[in-house]
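Structural overview
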Amino acid sequence: MGVKFMGHSANSISNLVRRATFLVFAIALILGSATFYFFFNAATMRHIEDEARTLLGLAMASRTYTIENITPLLNQLPDTEFHAEQVPSFAAQTMFRSFISEQSDYTYREAALNPTNPIDLADPFEAELIAEFRRGDDTSEAKGIRREDGSAIFYIARPITITNSACLSCHSTPDAAPPAMIVRYGDKNGFGWKLNETIGIQILTVPIDDEFRSIYELVAIFFVMLVSLFLVVSLMVTLPLQRNVIQPLRNLADVADRSSLRGDDSPLPKSGAGEIQQLSDAISRLRTSLKVSMDNSGKPK
């Protein structure tokens with residue numbers, strides 16, 4: 001009965017250590033992986049947003065340069081021909097397409113509710129953004145993530161507001177527009193604009209699936225590293241525990257059990273951790289004391 005009791009105690013210690021080690025590493029694995037993911041997710045989004053702002057700023061600079069430098073020069077030419085290069089949106093979008101490689105999925109559009117060029121007509125999502133800007137809630141920028149054809153797309157948009165009255169020379173009425181522009185685009189679209197009116201948006205989109213796929217791969221690597229660390233530490237903890245505590249306790253229990261049941265006077269083992277050796281010495285002294293007491297009690301008085 002003593003052997004079963006000590007064996008059960010030894011197994012309980014081993015199992016307790018295993019459970020404690022597993023619990024600690026399970027918590028570390030969950031918290032570590034979550035922290036790792038959220039950190040890289042936030043860092044990736046900051047990188048994507050900074051890159052999008054840089055490209056959007058480049059497009060804005062192209063618009064400004066066209067308005068201040070190109071348009072005045074082209075306006076001095078005879079109006080028998082229409083030069084698309086004097087249109088800020090044309091310049092910005094053309095520059096963006098030249099700047100971004102053909103393999104890139106980045107897009108830049110200047111979409112309007114009533115554009116001169118039909119290809120610049122806002123789609124339903126862009127029209128909703130324009131409507132938000134037109135409500136006049138002092139929103140100067142909109143950004144977010146949307147799904148498009150099953151892919152995650154980050155977008156950043158800014159309003160296009162008519163703040164320069166020179167723009168109305170082409171977009172107020174067909175009669176005021178350059179005849180060459182009417183010939184090219186007709187007199188149905190791109191008119192009726194008003195000063196200080198938000199007529200469209202600049203919107204830049206960045207695909208982010210590949211970026212997040214990289215995050216998932218990093219998290220998976222981190223997860224595997226933590227699991228490997230758990231296995232190594234678990235072996236480093238349980239093997240010495242088994243060698244220095246569990247097995248010496250089991251040996252000590254076997255000898256003590258034989259001594260108590262069959263009067264075996266074999267010396268108790270003194271291997272294992274220091275505490276186990278102290279316990280062995282204490283049991284040895286107790287066994288000696290009990291033997292002396294029993295011998296003395298059996299002598300006639």
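- The name given to the protein chain in an unreviewed UniProt entry is DUF3365 domain-containing protein, with the source organism recorded as Parasedimentitalea psychrophila.

1. Re the sheet that holds strand β3 (residues 151-161)
- What the four strands build is an open sheet, ordered β1-β4-β3-β2; its pairing is antiparallel. Strands at the two margins of the open sheet, each flanked by one partner only, are β1 (107-112) and β2 (142-148). Along the sheet, successive strands turn relative to each other by an average axial angle of 30°, direction set aside.
- Two elements, β3 and strand β4 (residues 198-207), share nine bridges in a ladder whose sense is antiparallel. Bridge pairing in β4 places Phe154 opposite Val206.
- This element, helix α2 (residues 88-99), spans β1 and β4 of the sheet and lies at about 165° to β1.
- Most of the contacts of helix α3 (residues 124-134) go to β4, to which it runs at about 130°, and overall it touches β1, β2, β3 and β4.

2. What to know about the side chain of His171
- As for its position among the elements, His171 is in helix α4 (residues 168-171).
- Within the local environment of His171, its side chain forms a polar contact with the side chain of Thr116, the two groups lying 3.3 Å apart.

3. Here we look at the UniProt feature "transmembrane region" (unreviewed entry) in the protein chain
- When the UniProt feature table is mapped to this numbering, "transmembrane region" (unreviewed entry) covers residues 20-40 and 218-241.
- The distance separating the terminal C-alpha atoms of residues 20-40 is 30 Å; by composition the span is 100% helix and 0% strand.
- Counting secondary structure, residues 218-241 comes out at 100% helix and 0% strand; the distance between its end C-alpha atoms is 34 Å.

4. Focus: the pattern of salt bridges
- Applying the stated criterion across every chain yields a total of nine salt bridges.
- The structure contains a network of salt bridges with shared partners spanning Glu49, Arg53, Glu141, Lys143 and Arg158.

5. A word on the confidence of the model for the protein chain
- In the predicted model, the protein chain carries a mean pLDDT of 78, and the fraction of residues at 70 or more is 76%.
- Within the protein chain, the element-level pLDDT minimum falls on helix α7 (residues 274-298), averaging 63, and the maximum on α3, averaging 91.
- Throughout residues 1-10 the model reports pLDDT below 50, and contacts reaching past four residues in sequence, or to other chains, amount to seven contacts.

6. A look at a nonpolar patch on the surface
- A grouping of Leu23, Ile27, Ile30 and Leu31 is seen on the molecular surface, where their side chains present a nonpolar patch of about 410 Å² in accessible area.
- Turning to its location among the elements, Leu31 is positioned in helix α1 (residues 2-75).
- A relative accessible area of 53% places Leu31 in the exposed class.

7. Description of the packing of aromatic side chains
- Counted according to the given criterion, the structure contains nine aromatic pairs.
- Taking the centre distance of 5.4 Å and the plane angle of 70° together, the rings of Tyr37 and Phe38 count as edge-to-face.
- Here Tyr37 falls in the partly exposed class, since its relative accessible area comes to 23%.
- Here Tyr37 and Tyr216 contribute two aromatic rings whose centre-to-centre distance is 6.2 Å and whose plane-to-plane angle is 10°, an arrangement assigned as stacked. With Tyr37 in helix α1 and Tyr216 in helix α6 (residues 209-262), this residue pair connects regions lying 179 residues apart in the sequence.
- Taking the relative accessible area as the measure of exposure, Tyr216 reaches 48% and is therefore partly exposed.
- One aromatic cluster is present, formed by Phe36, Phe39, Phe40 and Phe222 through successive ring pairs.

How each quantity is defined
Residues numbered from 1 in each chain as written. Predicted model: local features only at pLDDT ≥ 70, side-chain atom pairs only at ≥ 80, totals over all residues. Heavy atoms only, no water. Pairing = 2+ DSSP bridges. Helix = DSSP H or I, 4+ residues; strand = E, 2+ residues; numbered from the N terminus. Axes fitted to C-alpha atoms, helices over the stretch in contact; angles between N-to-C directions. Contact = heavy atoms within 4.5 Å. Polar contact = N/O pair within 3.5 Å; in protein donor to acceptor, adjacent residues only side chain to side chain. UniProt positions renumbered as here; feature names shortened; annotations may be inferred. Salt bridge = Lys/Arg side-chain N within 4 Å of Asp/Glu carboxyl O. pLDDT = per-residue confidence, 0-100. Patch = residues over 30% accessible without salt bridge, like charges linked within 9 Å, V, L, I, M, F, W, Y side chains within 5 Å. Areas by Shrake-Rupley, 256 points an atom, 1.4 Å probe, with all protein chains shown as cover. Buried < 20%, exposed > 50% of the residue type's maximum accessible area, 1.4 Å probe, protein only. Phe/Tyr/Trp six-rings, centres within 6.5 Å; stacked < 30°, edge-to-face > 60°.

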